Amino acid sequence: MSEQVQLANQSTHSALNMVLDTAYQGIDAVNWKKLFASARQGHLEQFIADMFAGKHINNSEDRPALHSALRNLSKTPVMIDGKDVMPAVSEVWHRIDALCNKWIGVTDVIHIGIGGSDFGPRLAIEALAHVPGIESRGMRMHFLANIDTAELARILARAQAHSTRVIVVSKSFTTLETSMNAKAVVAWLKDSGCSASQVTDSLYAVTANLTAAKDFGVNENNIFPFWDWVGGRYSVWSAVGMPIALQYDFETFKQFLAGAEAMDLHFKNAPLEENLPVIMALALLHQQEKHDIKAYAAIPYADALDWFPKWLQQLDMESNGKSVDRDGKPVKHSSPVVFGSAGSNAQHSYFQLFHQGTEIIPIDFIAVLEPMSDRPEAVAHHRILLSNCLAQAQALANGKTAANPNDIYPGKRPSNLLLLPKLNAFYLGALLALYENRTATLGALWNINSFDQPGVEYGKVLAKPIEKALASHQKDITASADIDAVTAARINLLNSNN
Ligand code: F6P
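Residues numbered from 1 in each chain as written. Predicted model: local features only at pLDDT ≥ 70, side-chain atom pairs only at ≥ 80, totals over all residues.

## As for the pairing of strand 2 (residues 18-21)
Here is step 1 of the chain: By the bridge criterion, four bridges tie strand 1 (residues 12-15) to strand 2 in an arrangement that is antiparallel. When the sheet's bridge partners are listed, Ala 15 is paired in strand 2 with Met 18.
Here is step 2 of the chain: Counted along the chain from strand 1 to the antiparallel partner strand 2, the turn is two residues long, and its residue Leu 16 has a positive phi close to 50°.
Here is step 3 of the chain: Both strand 2 and strand 13 (residues 415-420) contribute to a ladder of three bridges, which runs antiparallel. Bridging from a neighbouring strand, Asp 21 pairs with Leu 417 of strand 13. (Pairing = 2+ DSSP bridges. Helix = DSSP H or I, 4+ residues; strand = E, 2+ residues; numbered from the N terminus.)

## Focus: the sheet that holds strand 8 (residues 203-207)
The strands that make up a sheet pair up through hydrogen bonds in the backbone, lying either parallel or antiparallel.
Here is step 1 of the chain: What the five strands build is an open sheet, ordered 6-5-7-8-9; its pairing is parallel. Each edge of the open sheet is held by one strand with a lone partner, namely strand 6 (140-144) and strand 9 (223-225). Strand after strand, the sheet turns through a mean of 20° between neighbouring axes, direction not considered.
Here is step 2 of the chain: Where strand 7 (residues 164-169) meets strand 8, four bridges bridge the pair, whose relative direction is parallel. Counterpart to Val 169 in the pairing with strand 8 is Val 206.
Here is step 3 of the chain: The strands touched by helix 7 (residues 176-191) are strand 5 (108-112), strand 6, strand 7 and strand 8; relative to strand 5, the strand with the most contacts, the crossing angle is about 150°. (Axes fitted to C-alpha atoms, helices over the stretch in contact; angles between N-to-C directions. Contact = placed C-beta atoms within 7 Å.)

## Some remarks on helix 12 (residues 276-291)
Here is step 1 of the chain: Look at helix 12: 22 Å from first C-alpha to last across 16 residues, which is about the 22 Å you get at 1.5 Å a residue.
Here is step 2 of the chain: Most of helix 12 sits inside the fold, with twelve of its 16 residues counted as buried.
Here is step 3 of the chain: Of the residues making up helix 12, those classed as buried are Leu 276, Pro 277, Val 278, Ile 279, Met 280, Ala 281, Leu 282, Ala 283, Leu 284, His 286, Gln 287 and Gln 288.
Here is step 4 of the chain: Positioned one or two residues after helix 12, Asp 292 has a phi angle of 50°, which is positive. (Expected span 1.5 Å × (residues − 1). Buried ≥ 20, exposed ≤ 12 C-beta atoms within 10 Å, placed from the backbone.)

## Here's the deal with the UniProt feature "active site" (unreviewed entry) in the protein chain
Here is step 1 of the chain: Within the UniProt annotation, "active site" (unreviewed entry) is assigned to Glu 318, His 348 and Lys 460. These annotated residues cover 143 residues of sequence, and their C-alpha atoms reach 36.0 Å apart at the extreme, placing them across more than a single site.
Here is step 2 of the chain: Those residues within four positions of Glu 318 in sequence are excluded, and the remaining contacts are Arg 233, Gln 453 and Val 456.
Here is step 3 of the chain: By secondary structure assignment, the location of His 348 is in the loop between strand 11 (337-339) and helix 14 (351-356).
Here is step 4 of the chain: Since 9 C-beta atoms lie within 10 Å of it, His 348 is described here as exposed. (UniProt positions renumbered as here; feature names shortened; annotations may be inferred.)

## Focus: the site of the ligand
Here is step 1 of the chain: Taken together, 14 residues lie around the ligand, and Gly 115, Gly 116, Ser 172, Thr 175 and Gly 232 are the ones closest in.
Here is step 2 of the chain: Taken together, the residues of the shell around the ligand break down into two nonpolar, nine polar and three charged. (Near = placed C-beta within 6 Å. Nonpolar A, V, L, I, M, F, W, Y, C, P; charged D, E, K, R; others polar.)

## Let's talk about the packing of helix 3 (residues 44-52) against helix 16 (residues 425-446)
Here is step 1 of the chain: Where helix 3 contacts helix 16, the two axes come as close as 10 Å, and the packing angle between them is 130°. Classified by the angle between their axes, helix 3 and helix 16 sit oblique to one another. Note on packing geometry: the crossing formed by helix 3 with helix 16 is right-handed. Two secondary-structure elements touch here, helix 3 through Leu 44, Phe 47 and Met 51 and helix 16 through Ala 440, Thr 441, Ala 444 and Leu 445.
Here is step 2 of the chain: Broken down by class, the residue content of the contact of helix 3 with helix 16 amounts to six nonpolar, one polar and no charged. (Parallel < 35°, antiparallel > 145°, perpendicular 65-115°, else oblique. Left-handed = near helix turned anticlockwise from the far one by under 90°.)

## Here we look at the pairing of strand 7
Here is step 1 of the chain: Counting buried residues along strand 7, six of its six residues qualify, which places the element largely inside the surrounding structure.
Here is step 2 of the chain: Side-chain alternation along strand 7 places Thr 164, Val 166 and Val 168 on one buried face and Arg 165, Ile 167 and Val 169 on a second face that is also buried.
Here is step 3 of the chain: When strand 5 meets strand 7, the two strands line up parallel, connected through five bridges. Each bridged residue has a counterpart across the sheet, and for Asp 108 the counterpart in strand 7 is Thr 164.

## A short note on the sheet that holds strand 12 (residues 363-368)
Here is step 1 of the chain: Here we have six strands laid out as an open sheet, ordered 1-2-13-12-10-11, and mixed in their pairing. The strands lining the two open edges of the sheet, one partner per strand, are strand 1 and strand 11. On average, each strand axis in the sheet is inclined to that of its neighbour by 15°, with strand direction left out of account.
Here is step 2 of the chain: Where helix 13 (residues 308-320) meets the sheet, it contacts strand 10 (295-301) and strand 11, and its direction lies at approximately 165° from that of strand 11.

Below you can see the structure in the form of structure tokens.
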């Protein structure tokens, strides 16, 4: 036992009062040394410097990945191709602050966006709703992402049209789900008796495509820009995250940015051996080499963070789910499947497989030191929550022998413990930035460009001829260049039932 405690001490790292404990990774000092040496050999330090310096690390799209500028509260100049972007970034901050003061008497906000234009703000609104001391300004914040009208119907049944504001959030402003949902909400405003000028006043946009937003009918003064050097899944720090300021207050949004900025400074300046995002990335690479892992899980033992794994799925899998490297050559490894949900609920779902399944799945256990409510039961419940978290990690690491094979736990199942001192806007920002920087580190070490997503486009292209075939109501569609025989038969099946 004493040996384990010692190992736990050696394997504990901290930044911004967050603690990362890698003791259950089972990586000895010699192997850690090799991992850091290989990171240096792979020019990781140069990559980190290039990323913050605005070099065009997104090589396929020939642009920087500078979401860090969006949380650079110190406003130190960030140059992109010779121009400081900070004046434009801080102008958006001022406009968000002003909007918070302007939106008095607003009952409902409908935030329309999908993927990176949805997950970040949705996660932040959910997470901060649980934080003692953070007050909601009273408006209902609705997130509308799915083209399935169930979500639309649920929101429109609750919202009060005359005191609703609509924010259409789309980097490209060409995403079909978002534009169709936006049209439906505008139609609902009109049908509910809002005049043309009321509709125009209610409509806002957050986008990198100002022309398309104007063409849609959004007043220029109501458009909040962001830029092509911000990837959609890295965009919550821009005006995409505006709901945080509107729902709580601008100071809360600023705290969120401040946590991320502090994590960026740590990532940029700490030696690799003390660098939390780097250590987490290297631990995963080690397990991938050793066990050929196919999946990895993030389990926050905090109900407030239930949306975190969904946000992380897009971040990791859209960034690093690729088969070729920056030079178009096949890669040996890329992102494993990422999944997770809040503990302890998750224990009663898929943890059986973690303990006794044939796959080894590295896990990040994320815990918060302070309870998330001030209910009288909070301390006792929180102790049980934390003991469950610790117990699962210990059982997975050490396993258990038994005479009956059914009762054997193989053990040696790797995990991290990430401990936040508390969950507030600052630590939420720090947590998200920690994982963003970990994702970028993994991409750099796999030599993958983590900032494009060519793979999501093909399915969208194919949806068009299929939608046309469905709209035709024909029951005798045959295979063609765009539609294969299986899909043609499925279209006929759907058309026969409609
Ligand atoms: O699903 C693909 C994707 O391009 C994501 O990368 C992005 O977050 C999402 O669609 C939404 O895109 P946009 O913000 O341009 O509407």
